[in-house]
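Structural features, examined
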Amino acid sequence: MGIKGSLLFLLLTSLGLAWVRSDRVVPGEKHVVELSYWNGFTGPDGRTMLQMVRQFNRENPDVQITMQRIAWATYYNKLMVAGIGGRGPEIFVMPSAMLPQMYRAGFIDEITDVYGPGGALKAQFDPKLIKIVDVGTDHEELIGLPLDVHAQGMYCNGAMLKEAGFVNADGSPRPPKNREEFLAAASAMRKDTDGDGQPDLWGFGYGQWDRNFMSLVPQFGGRLLDEKGEPVLDDPGDVQALQFLADLYLKYHLAPPPEAGVAGWVGFRQQKVGMVFDGVYMLGDLKRLEGHPYIGAPMPQIGPYPGTLADSHILCVRKGLPPDQRAGAEKLIRFISDHSIIWAEAGQIPARKDVRETEAFKKMQVQYAFSQQLDYVMYPPRTPLFGELNAQIVLAVESAIRGRATPIDALRQANRDYKRYLDRDRADNLVSSEVK
Amino acid sequence: MTHRRSQNLVGYLFMLPYGAVFLTFIVLPFVVSLVLSFLEYDLTSRHPATFIGFRNFREALFEDRFFWKAVGATFQYVALMIPAQLVLAMLLALGMNAMTRGKQTVRALLFMPGLLSIAVTAILWQWFYNEEFGLFNHLLKLVHLPGVPWLSNLHVAMPSVVLMTLWWTVGGSAAVLLTGLQQIPAQITEAAALDGANGWRGFWMITLPMLKPVLLFMVVMNTIGGFQMFTQSLLLTTGGPEMATRGVVQLIYDTAFGDFRLGYGAAISWLLFIMIAGFSFLQFRIIRRFSE
């Protein structure tokens, strides 16, 4: 084929493709609403979500959804830039911690209608969750529908627990429920199996330090921000929570050194660590392991109160959609919420009570065990600067666990740094940084 | 139209595509970032961008301890990387230059890591450095040495980042130096040898002075590259532990695209630009004086 022939071929191919792809509406042909749906579910949970979207597409030929998965690490900036530029997806998932920041950018619409006439669906959600998505001042204005509650809890190696003597009457492993039991179990699990003088089996391994810490904060009556949105990271409860976390390595020697690769989740997967605190969403990773004797349990009550951290994936809609797209988006959101028992399979706790009360959910050991904490979970504080707050917490926890700073000093420094960010943000915005 | 004019026109037409790209992607962002650095421009804010003079610069220099931490990490990287790369590349180049057989093969082998993208290299080295399954700790275990926390120890993490970067880049630097060595006229080295300047003396008195232009180029370019260290630490350590490996470029990325503070991110970019320009100027002056 000569140059002219090649050019002609290219031209015809391009025209053909453009014709096939174009959103033309042929008279008499049914109009199909095409929508884009973004989320950060790049792990095994992404396959489950894709399965739900495909089911929706099959059952709703008038609305066709294209799902885009983007790693959480870059998800927020891509969504932010696209959203502000008016090119964002019509539907997207936003973790509740990041919702205030994204809402302030001005591209998230309210979807109160999705909750049905009179907001009937609201009764199915924890009022704390509804408060997170409500941005109205004089009347309710809900900017999203919670899909799940991903609580932090405890994963245990059942075989190691049994060997440590933590067994129920029926012979099943018994996860520790309080501080004494937790320390006793962790101590019994720590072993030097090869006789080199160093333990190679550990009772506990640090997971994500910020989340480990925030899971313990409510147990000691601590909090991250006060009711005015001011940081109180040096609250006595926070300090006690961090002290306990640091002591697990520095004082009790129950966790491998923070440097060691055996630490945390990797060690738990390899059955070298008996217990870890992590999110229910990690279940997907464990399901891939053959023969791992894992079980899920609520966080042991280390402090005077029960408590843990939880976040929620919120389904949101972009502002300024034409009515047909808006209707299609709402349809998808209701569909996903109505079918959230499928989502639970991926390692999530459905946000809706009616779904959690199904027998199918109760049979999901880890998800059900983690869901037993929902009455007392702490959600991330509502601040448009959650990223900055979390970064300070990571640094404080890391330096305390390594013994480079005392918990109180590390948290005071974090408090000072976050306060500076907050003051600057308030000055720049000339109003309170609070969303509401 | 005269022949000369039409020739000029053709020349400009050839330059046009590159010129358009250069203006759009280099000059325009340069100007925009300068303007941004004087603005409070937060993507999440409902308020429009506002002019705040030098406040972003003041914040970075006098209030933000993370800026100085990032500057410290960047300087540590440059201080470890540049001398190590120069010395290693020089040794490899001298070795290859002395070889009578297999020179091309060795050069190709050394150059090969540089053909990998930095992302691939970082992922590969993440496995080398893995404390439990990694190649390095496995080798150490074979000789009954304790494993090294390559990426999670405060004092080891940056040298680990440097080591990976060396593996990735040293072949290219060695090839450049080898070319420089081959450009030295044989009669000069032979004359020097006749005068008794062999071995170390010959290297110090003849080879090194003759390589100065190449060395100057390498030092300046590598320093500029060193100050821009980003991908390797982002992928290997995400800037940890305790932000010990988070360089200034990663701070800019985190500020602009994580915290969405474009104005402040732009101001830090300009501070980095000033640092790089200052160092490059200093290096030029020092090495030129040394050359004279």
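The structure displayed is predicted, hence computed values, not measured ones.

**Section: the overall build of chain A**
When its secondary structure is counted, chain A shows 18 helices and 11 strands. Over its C-alpha atoms chain A spans a radius of gyration of 24 Å, differing by no more than 12% from the 22 Å that the globule rule assigns to 436 residues. Counting only C-alpha atoms and orienting by the principal axes, one finds that chain A spans roughly 75 × 55 × 55 Å. Classification of the 436 residues of chain A by burial places 47% in the buried group. Within chain A, contacts between residues at least 6 apart in sequence are counted, and of these 72% link residues at least 24 apart.

**As for the sheet that holds strand β3 (residues 91–95) of chain A**
All names here are of chain A. Ordered by their spatial adjacency, 5 strands build an open sheet running β2-β1-β3-β10-β4, and the pairing between neighbours is mixed. Edge positions in the open sheet fall to β2 (63–69) and β4 (145–146), since each of these has one partner strand only. Note that strand β1 (residues 33–39) and β2 share 7 bridges and pair parallel. Looking at β2, one finds that V33 is bridged to V63.

**Looking at the interface of chain B and chain A**
Counting from both sides, the interface comprises 21 residues of chain B and, opposite them, 23 residues of chain A. Here the side of chain B that touches chain A is composed, by residue class, of 6 nonpolar, 7 polar and 8 charged.

**Looking at unusual backbone geometry**
Following B:G240, the chain continues to B:P241 via a peptide bond in cis, the omega torsion being -5°. Its place among the elements puts B:P241 in the loop between α10 (231–236) and α11 (248–258). Even without being a glycine, A:Q271 presents a positive backbone phi close to 65°. When the 16 C-beta atoms within 10 Å are taken as the criterion, A:Q271 is described as partly exposed. The phi angle at B:T238 is positive, at roughly 50°, despite the residue not being glycine. Considering the arrangement of structural elements, one finds B:T238 in the loop between α10 and α11.

**Focus: helix α8 (residues 186–194) of chain B**
Counting buried positions over the 9 residues of α8(B) gives 0, only a small fraction of the element. Downstream of α8(B) by one or two residues, B:G196 has phi in the positive range, about 95°.

Conventions and cut-offs
Residues numbered from 1 in each chain as written. Chains lettered and ligands numbered in written order. Predicted model: local features only at pLDDT ≥ 70, side-chain atom pairs only at ≥ 80, totals over all residues. Helix = DSSP H or I, 4+ residues; strand = E, 2+ residues; numbered from the N terminus. Rg over C-alpha atoms; globule rule 2.2 N^0.38 Å. Buried ≥ 20, exposed ≤ 12 C-beta atoms within 10 Å, placed from the backbone. Contact = placed C-beta atoms within 7 Å. Pairing = 2+ DSSP bridges. Nonpolar A, V, L, I, M, F, W, Y, C, P; charged D, E, K, R; others polar.

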